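In case you want the letters, here they are:
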Amino acid sequence: MRRRFDPSLAVLVPVILGGVATLAVLSADLLPRYFPATFPARGMLVPAIVAGLAVASVAAVFVLLALRPIRRFLSATPPGLPAAVKPAAPPPLGEFDRLGLVADQMAEVLGKLDARAQFPDMVGESRVMRGVFSHILKVAATDATVLVLGESGTGKELVARAVHAKSARCKGPFIAVNCAAIPEGLLESELFGHEKGAFTGAHARKRGRFEQADGGTLLLDEIGDMPLETQAKILRVIESRQVERLGGEGRGVSVDVRLIAATHRDLPAMVAAGRFREDLYHRLNVFPLRLPSLRERREDIALLADRFLDALRPGATLSVAALQRLLAYDWPGNVRELKNAMERAVVLAGDGPIEPAHLRGFPAEAGREACASGQGSDLDSRVAGYERALIEAALSRTDGVQARAAVLLGIKERSLWHRVKKLGIDPALFKGAGGE
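Predicted model only: the values in this text are computed from it and were never measured. (Residues numbered from 1 in each chain as written. Predicted model: local features only at pLDDT ≥ 70, side-chain atom pairs only at ≥ 80, totals over all residues. Heavy atoms only, no water.)

Relative to the helices and strands, L318 resides in the loop between helix 11 (301-312) and helix 12 (320-328). Relative accessible area serves as the criterion here: at 6%, L318 is assigned to the buried category. Spatially, the C-alpha atom of L318 lies 4.7 Å from that of I354, the residues being 36 residues apart in sequence. Aside from chain neighbours lying at most four places away, what touches L318 is A305, L309, L326, I354 and R397. (Helix = DSSP H or I, 4+ residues; strand = E, 2+ residues; numbered from the N terminus. Buried < 20%, exposed > 50% of the residue type's maximum accessible area, 1.4 Å probe, protein only. Contact = heavy atoms within 4.5 Å.)

Encoded structure:
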């Protein structure tokens, strides 16, 4: 087996700096040889050695002083795996590897804490959701048009509100319009407003949603269901920054609106089919933001369920079997369906814990569905994905404590340790995740 060499930082840094100093002085010795008229010949070997030793000594003092707090921090950092169990222990980590591991763990934990602090109304500590949060912060700092894509129930309006809240327009109005919920004949009046007498029943002037959102943000939800005629007028508003009320006789009203559109439909396919304007699609698709489905972030299911239960009945708990059933389900209705399921379960459970019998409407073979929804196409990959989701959810609920997670999963701690090692899960990343 090839032996690994892990030098100490206290040795490596002074050697490198001292070597650089020595090399610089020795290089100066070459100048008299090639340019004798300019540089008189002198012996540089002794000065080079002295300079190198001096630089190395000074560097060693500074590095040792700088490493003292770092080494104290590393020694105080608990290892990712319990020390009591020692089956085939891996070789000890060097200082570089341990420092890199701790830095990665800190970045992971700080990322979760930052996500909670920045987005208290949104629940998500998975990597994919933290990526969404990062994109929200980036686009919120601009005035770019955002196109939020995702299945029904993934929280597209929450994302739009978060973009507005983090933007410079946060003190302005946030107006949301569900284009699918308003009849086609009334949609234009809702969006652009109308003058008195513009049509039968128009007894007074009405400001449209664009005017109401002036200085703020307008969300056009389910824009894929908007009629083609209205799409053309929306495109004109985007280009001219003016709206014309129905019956306005060519009088435009200037508006300053940040536009966010959202849809669960496949807009490129609709463009190809002639059911959505291509020019409007390109106008809206400035910054696309795709929201993952709940089955793509199963590690957030336990957090979401706890949030809903705490809001519905503080102190309500999920049994192990119920949590496994939640993790195994495919959630075609995403977060909205999970919220409805928790509300129904609280009613059925009364004052007791949530059991599988309280989760009505879930197929008995939900475990097969979870395996079928895994990332891999073979059986082993699907089972591993289901197993990983269960373990990560248990670690998240127990604040990364494996002994408690093993009890929650109904297995021995040694068995959980082997599974954690096999799947490459780092329990330290779940410390501070909230716990039970």
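Taken as a whole and assessed by the stated rule, the structure comprises 14 salt bridges. For R265, the salt bridge goes to D225, with nearest N and O atoms at 2.7 Å. Linking R265 in the loop between strand 8 (258-263) and helix 9 (267-272) with D225 in the loop between strand 5 (217-221) and helix 8 (228-240), this pair joins segments that are 40 residues apart in sequence. Under the relative-accessibility criterion, R265 is labelled partly exposed at 36%. The network of salt bridges with common partners includes D143, R169 and D256. (Salt bridge = Lys/Arg side-chain N within 4 Å of Asp/Glu carboxyl O.)

In terms of burial, strand 8 is a largely internal element, 6 of the 6 residues being buried. What you see with strand 8 is no split at all: R258, I260 and A262 on one side and L259, A261 and T263 on the other are buried throughout. When strand 1 (residues 146-149) meets strand 8, the two strands line up parallel, connected through 4 bridges. From the neighbouring strand, V148 faces strand 8, where its bridge partner is A262. The pairing of strand 5 with strand 8 spans 5 bridges and is parallel. Residue D221 lies in a different strand from strand 8, and its bridge partner there is A262. (Pairing = 2+ DSSP bridges.)

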